[in-house]
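The primary structure of each chain is shown beneath.
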Amino acid sequence: MPLKPLPFRHVRRKLLAAGFEEVSQESTHVKFAKATEEGLRTAVVPKHREVAVGTLHSILRQAGLTPWTPGTPSSPNTVHLTPALGIL
């Protein structure tokens, strides 16, 4: 399933669920961080109404995460980006 633009609050919720912490904000960009075995992972997310697909790919790459595809098993680095009913 291809990614679709998502609201900032949804991206934030998914990063927090993946173990990231909100560490700072400068203007309209929020920085999330997580300590891993490889070192500190950071992801910068624009606080926009909708985060564009290309930006979502960049955020996933920065965070070391991959989007979950229906029909495939999940791994510790997989994040479910499809909105669940009732959380938006």
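Here the structure is a predicted model, which is why all the values come from computation and not from measurement.

Trainee: Please clarify how helix α2 (residues 53–63) should be interpreted in this entry.
Mentor: Given 3.6 residues to a turn, an α-helix orients residues that are three or four positions apart in the same direction. Here α2 has its buried residues at L56, S58, I59, L60 and A63. Immediately beyond the C-terminal end of α2, within one or two residues, lies G64, with a positive phi of roughly 75°.

Trainee: Explanation requested: unusual backbone geometry in the structure shown.
Mentor: For residues other than glycine, phi is negative in most cases, and the peptide bonds are mostly trans. Of note, the phi angle at S27 is positive, near 60°, even though the residue is not glycine. Residue placement: S27 occurs in the loop between β1 (21–26) and β2 (29–36). Here S27 falls in the exposed class, since its relative accessible area comes to 63%.

Trainee: Help me out: how do you make sense of the environment of Q62 in this one?
Mentor: Tracing the backbone through its elements, the reader meets Q62 in helix α2. Taking the C-alpha atoms as reference points, Q62 and V44, 18 residues apart in sequence, are found 8.0 Å from one another. Ignoring sequence-local partners within four residues, the contact set of Q62 consists of R41, T42, A43 and V44.

Trainee: Honestly, the confidence of the model for the protein chain in this entry has me stumped. Any pointers?
Mentor: The predicted model of the protein chain averages 84 in pLDDT, with 76% of residues at 70 or higher. Scored below 50 in pLDDT, residues 83–88 makes nine contacts in the model with residues more than four places away or belonging to other chains.

Trainee: How should I be thinking about the sheet that holds β2 in this particular structure?
Mentor: Pairing between the strands of a sheet is mediated by backbone hydrogen bonds and can be parallel or antiparallel. Pairing is antiparallel across the open sheet formed by three strands, whose spatial order is β1-β2-β3. Each end of this open sheet is capped by a strand with a single partner; those strands are β1 and β3 (39–46). For this sheet the average axis-to-axis angle between neighbouring strands, irrespective of direction, equals 25°. As paired strands, β2 and β3 are joined by eight bridges and run antiparallel to one another. Note on β3: the bridge partner recorded for A35 is L40. With respect to the sheet, helix α1 (residues 8–17) is in contact with β1, β2 and β3, its orientation differing from that of β2 by roughly 15°.

Reading guide: rules and limits
- Residues numbered from 1 in each chain as written.
- Predicted model: local features only at pLDDT ≥ 70, side-chain atom pairs only at ≥ 80, totals over all residues.
- Heavy atoms only, no water.
- Buried < 20%, exposed > 50% of the residue type's maximum accessible area, 1.4 Å probe, protein only.
- Helix = DSSP H or I, 4+ residues; strand = E, 2+ residues; numbered from the N terminus.
- Contact = heavy atoms within 4.5 Å.
- pLDDT = per-residue confidence, 0-100.
- Pairing = 2+ DSSP bridges.
- Axes fitted to C-alpha atoms, helices over the stretch in contact; angles between N-to-C directions.

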